[in-house]
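# Coordinate inspection notes
This is what each chain is made of:
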Amino acid sequence: MSQISQQEFTRICLGIRDDAESILTHNPIGTRDETLLWMLMSCLISYLSLLEMETPCFTGVPDRETYRKAILFILDGRKTDDYDANAIIEEMLG
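Residues numbered from 1 in each chain as written. Predicted model: local features only at pLDDT ≥ 70, side-chain atom pairs only at ≥ 80, totals over all residues. Heavy atoms only, no water.

Glancing now at the environment of Gly-94. Relative to the helices and strands, Gly-94 is located in the segment after helix H5 (85-93). Residue Gly-94 is classed as exposed on the basis of its relative accessible area of 91%. Taking the C-alpha atoms as reference, Gly-94 lies 9.4 Å from Asp-33; in sequence the two are 61 residues apart. (Helix = DSSP H or I, 4+ residues; strand = E, 2+ residues; numbered from the N terminus. Buried < 20%, exposed > 50% of the residue type's maximum accessible area, 1.4 Å probe, protein only.)

Take a look at the structure:
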């Protein structure tokens, strides 16, 4: 199972924050937070090379909290050290 450090998770989140305007321009559906959380989730799926059966599935229309829970689910057991992913996510959402 691939893992992710606090430093790398922070780097990804802050990169998304720094590129938010471009991300939002090219993905105009949903709220700002939903779009950025969707992007983070997608980056984690790729970075951690998740298999289809390891990737969260959604019923209905996902919202901000759905994406946040999916991100935390992805990180569960994959963090190299104990860090507060929620605080880093909040910093990304700014």
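From this point, things continue past the structure.
Along the chain, the position of Arg-11 falls in helix H1 (residues 6-18). For Arg-11, the side chain forms a polar contact with the side chain of Glu-8, separated by 2.4 Å. (Polar contact = N/O pair within 3.5 Å; in protein donor to acceptor, adjacent residues only side chain to side chain.)

Moving on, we get to the nonpolar core. Formed by 26 residues in total, the largest nonpolar core has its most connected members in Phe-9 and Leu-40. Those elements that place two or more of their residues in this core are H1, helix H2 (20-26), helix H3 (32-47), helix H4 (64-75) and H5. At six residues, H3 tops the list of elements feeding residues into this core. Apart from residues lying up to four places away in sequence, Phe-9 is in contact with Ile-4, Leu-40, Leu-44, Leu-75, Tyr-83, Ala-85, Ile-88 and Ile-89. (Core = buried A, V, L, I, M, F, W, Y, C linked by side-chain atoms within 4.5 Å. Contact = heavy atoms within 4.5 Å.)

Fair warning: the whole summary comes from geometry, so function is off the table for now.
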